[in-house]
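Listed below are the residues making up each chain.
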Amino acid sequence: LWTLTTYAAPLVRAAPPSEWVQTVNQRDQSEDVVGPPTFSRIVVDLAATTLGSPYFDIDTTELQLAFRVSPVIVSPGQYFILYAPFGYTFVERTFKPGDGFPLVSGVVYVMDPQDTSNGLSAYVVQILTQINVDQTVKLAARVNTPRTPEDIALWETDNPSNWLLVTA
C-alpha cells in the first residue's frame, strides 16, 4: 500500500523541490492507497553510459552501461534483461561485468528479436549476489547497429532509440 502526500509549491519554482517539500508546505496525505508494487527502480548514469560508434552499419561496437537501483536491493537469482532499440542486435558472448556488477551464474545469453515479446534483441544475465541500494554497477556488451535505412527521417520517427534494462 502507498502513502501519497501533496505539497504546495512556490509560485516561482527557482528553488529545488528538496527545499520546499517540507512538512510546513504539506497540503494533504492519503494513506493505504492501493497501487502497483514497487520493487526496484533502475537509474542509468548517462555520463558513464556510452555507445562506441553510434552510427548505422557498425558491427560489434561496444555499449558501456552504468546504473544504480533504489529503493530496495536487487536480490540474488534475479535476471537482468537489457533490451536494445529496434534494429540493434547484441553479439553473443560479449557480455563483460564491470565494477560493482554482482557474481554471474552460467545463465548469460542473447535473445534474438523474433524470440522476444517486444521484437527487440535482448541480453539476459542471471546474478548470484545482490545489488545494494545506490551501488554503482557497470557492464559492457557488444552490439551491431542498424543497417542504414532508405528513409532515415522516417526510420528515426518510427523507431525510438531507448535502451531498456529490467530485472525479473
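Residues numbered from 1 in each chain as written. Predicted model: local features only at pLDDT ≥ 70, side-chain atom pairs only at ≥ 80, totals over all residues. Heavy atoms only, no water.

J.: Describe the pattern of salt bridges, and please don't skip the residues or the numbers.
T.: The tally for this structure, following the rule as stated, stands at four salt bridges. Between Glu62 and Lys96 there is a salt bridge, and its shortest N-O distance comes to 2.9 Å. Within this pair, whereas Glu62 is found in strand β5 (residues 61-70), its partner Lys96 is found in strand β8 (residues 96-97), the two being separated by 34 residues in sequence. You can call Lys96 partly exposed: its relative accessible area is 44%. A salt bridge links Arg68 to Asp134; the shortest N-O distance between them is 4.0 Å. Of this pair, Arg68 sits in strand β5 while Asp134 sits in the loop between β10 (122-127) and β11 (137-144), placing them 66 residues apart in sequence. Overlapping salt bridges bring together Asp57, Asp59 and Arg147 as one network. (Salt bridge = Lys/Arg side-chain N within 4 Å of Asp/Glu carboxyl O. Helix = DSSP H or I, 4+ residues; strand = E, 2+ residues; numbered from the N terminus. Buried < 20%, exposed > 50% of the residue type's maximum accessible area, 1.4 Å probe, protein only.)

J.: Break down the pairing of strand β6 (residues 79-83) for me, with residues and values.
T.: As a general feature of sheets, a regular strand has side chains that alternate between the two faces. The element β6 is largely enclosed, with a buried count of four among its five residues. Note that β6 and strand β12 (residues 164-167) share four bridges and pair antiparallel. Across the sheet, Phe80 pairs through a bridge with Thr167, a residue of β12. (Pairing = 2+ DSSP bridges.)

J.: Quick one: what's the story with the sheet that holds β6, residue by residue and with numbers?
T.: Here four strands make up an open sheet; going across it, the order is β9-β10-β6-β12 and the pairing antiparallel. Looking along the sheet, the strands with just one partner apiece sit at the ends: β9 (104-111) and β12. On average, each strand axis in the sheet is tilted by 15 degrees relative to the strand beside it, whichever way the strands run. Judged from the five bridges that link them, β6 and β10 form a sheet pairing that is antiparallel. When the sheet's bridge partners are listed, Leu82 is paired in β10 with Tyr123. (Axes fitted to C-alpha atoms, helices over the stretch in contact; angles between N-to-C directions.)

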